[in-house]
Amino acid sequence: MQGARAEFASIVRIVRIVRIVRIVPNPAHCPFKTQPRLHTCSLCLRTSRTCDYAVTPKPPPTAADLATLQARLTELEERLSSASEPDSLSTTAGVSGTNSLDTESIAPNREPTSFPSALFLDIDCYKWSNMQLPRPAASIPMDILNILNQRNFILETTSLYFDTIHPWMPIISKKRLDLGISLKDGGPDIALLFLGMKLNTLPPPPGSEIYGAIYSSAKNFLVTLEASGVVSLVYLQAMTLIAVYEYSHSIYPAAWMTVGACARLAELLGISPGKDMMKIMSPVTTWTELEERRRVWWAIYILDRTISLGSRRRFCLPDPADTDVLPVDDDAWDLGDVANIIHYPVTTPFFTPISPFSRLCQSAMFISRAAVFRSDSQTGLADHITAVVSLTEDLTTFSSILAEEMDSSSPNGYLRLLAPQCLTWSALFLLLDNYCCPEKLSNEPGYTTSGDVKGPDELAAQIQATLIVRSISDQAHRTTTKVMDITSNLLLNDQMGKLSPFLLDALYCSMVTFQWVYREGCDEEAKGRLADIEACMGRLSGRWKLASEYLALNGIYRHGGNT
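Counting starts from 1 at the beginning of each chain's written sequence and moves along it residue by residue. In keeping with the predicted nature of the model, local features appear solely for residues at pLDDT of at least 70, side-chain atom pairs appear and are counted solely at 80 or more, and the whole-chain, interface and lining totals rest on all residues. With hydrogens and water set aside, each side-chain value is computed from the structure's full complement of heavy atoms.

1. A short note on the pattern of salt bridges
In plain terms, the rule: Here, a salt bridge means any side-chain nitrogen of Lys or Arg that lies within 4 Å of a carboxyl oxygen of Asp or Glu. For helices the rule is a DSSP run of H or I covering at least 4 residues; for strands it is a run of E covering at least 2, with both sets numbered from the N terminus onward. Relative accessibility decides the category of a residue: with a 1.4 Å probe and only protein chains considered, values under 20% of the type maximum give buried, values over 50% give exposed, and everything between is partly exposed.
Per the stated rule, a full pass over the model turns up 19 salt bridges. For E291, the salt bridge goes to R295, with nearest N and O atoms at 3.0 Å. You can see E291 and its partner R295 sitting in helix α14 (residues 287–306), four residues apart, about one turn around the helix. In this structure, E291 and R295 share a single accessibility class: buried. Here R470 ties to D523 by a salt bridge, and the two come within 3.8 Å at their closest N and O atoms. You can see R470 sitting in helix α19 (residues 456–493) and its partner D523 sitting in the loop between α20 (504–521) and α21 (524–540), a full 53 residues away along the chain. Overall, the relative accessible area of 19% leaves R470 in the buried class. Put simply, E291, R295, D330, D331 and R416 are held in one network by salt bridges that share partners.

Given below as structure tokens:
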């Protein structure tokens, strides 16, 4: 009985700790918000804050304020580490100012406020009447509290995440998180964000299991917050990380649906890669925060394009405008170094040196361009062939530039540029696939021949396409040789997450190409290179289950389509 009381008390304590890190309470919590100088609400009294809801904007945080936030973040980790100790019962009572374990500590302490439906039903009315988004009433489920209650959970999770996942998916401001700014309005969405970060640092579930315990908890919590009307950047970041996890481990159709939901929520929040379009979110106070919002949009854009490569389905997000900007230098953003910030438009020439994440965005834009030509009817018209050839030249030039940057980079820089390079190859495979076949194919799944005869322009395009596809497959093979050398060291350090899952589609297309070449002419060199890529994919499958799925599909081609 005593052990159960202690466990229950530790869970209560975590909820209160999450509330403590909030800097400004919600006015809806305070029954005396019209008289802030005469009364103090229970929440402000319990957390030792000044009960002040003045309408005048507060000044920007000072250095002392930021230092205080950093101290609170450290205190949060220390308290989480000790929350499971037996004396947590009495400590929790001290925080709350009472000795009773009332359910108010876990459940919301106010009546939920309905979401303003006018935001969807009549946007003019929403703006005209100055409606505001309420802070949703949602509690953190017990199973998630148990996960967060593990010793050093936040420090260990964030440390591994920023060391492995963040370099190729930099959408969470490490600087703002270190300073505690991201936690100041923390609620249940913060808990989901930490859960999403944890998910992507984990290896795939064992055996044939696709749903781990943390993933199941995160998905259930995601639905709970959606039903509670949660609309925030933190919630969108958490959902994006869950989409990355689902894509990386081939969890379908969930991955497809989650990416679509991310695109919808980004549209609702008004996030864009250009000017500040955040109509319903609070105004940004720093450039770092504005860049963080843009980077989330770009991450969803990349996922939207990448997840559509195999199915060739329509995208959810539109392409950026020519006046929109690419992400700035990754290291400068991580450090909050505004002195070295340079914004480049999406039309920036390929040879301009930019950061790896911006290169990834450029690769995703190439996928969009390739998909447009792929969806067009294969009429064989000269202007269409000319446009395909022009795009092919752009892609090969961009790939060569990336190869030069990779050769001159450090091992970590090489890994960060590997995903953009592989997505560029994926765009080439998408663009040229139909042109490689000696038969004229209809633009339908399944390699269905159209029955028509190829014209001279198509025959010339066939020769060029076949040479390019074989060339990038050979390049992919050389890349896997280097990846195998790198991963032999990463395996010892549990750092396999540094290899982005975005490289897997190109490796799979290379395997299929070598399968085709070998089946047509018994090319032993192609057979050997196929075996090398399969070995690399087998090693990557220990980190990303998507690699295992690609190997299984490759096996279907190996056996002539007999499943």
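Anyway, onward from the coordinates.
2. Examining the confidence of the model for the protein chain
Counted only if it meets this: Note on scores: pLDDT gives the predictor's confidence for each residue, bounded by 0 and 100. For this analysis, residues touch if any pair of their heavy atoms sits within 4.5 Å.
The predicted model of the protein chain has a mean per-residue pLDDT of 79, with 72% of residues at 70 or higher. No element of the protein chain has a lower mean pLDDT than helix α4 (residues 88–96), which averages 31, and none a higher one than helix α12 (residues 233–248), which averages 96. Taken as a whole, residues 54–58 scores under 50 in pLDDT and shows two contacts with residues more than four places along the chain or in a different chain.

3. A closer look at the packing of aromatic side chains
Put simply, the rule is: Aromatic pairs are defined between Phe, Tyr and Trp rings, using the six-membered ring for Trp, whenever the two ring centres lie within 6.5 Å; interplanar angles under 30 degrees are classed as stacked, those over 60 as edge-to-face, and all others as tilted.
For the structure shown, the criterion picks out 12 aromatic pairs. An angle of 85 degrees between the planes, with centres 5.4 Å apart, marks the rings of Y161 and F162 as edge-to-face. Look at W298 and Y301: their rings are 5.4 Å apart centre to centre, the planes differ by 80 degrees, and that puts the pair in the edge-to-face class. Separated by three residues within a single helix, W298 and Y301 lie in helix α14, roughly one turn from each other.

4. Looking at unusual backbone geometry
Here the residue pair Y252 and P253 is connected by a cis peptide bond, since its omega of 5 degrees sits within 30 degrees of zero. Relative to the helices and strands, P253 resides in the loop between α12 and α13 (254–269). Backbone geometry at N152 places phi at a positive 60 degrees, although glycine is not the residue there. Its identity is not glycine, yet C522 carries a phi of approximately 50 degrees, on the positive side.

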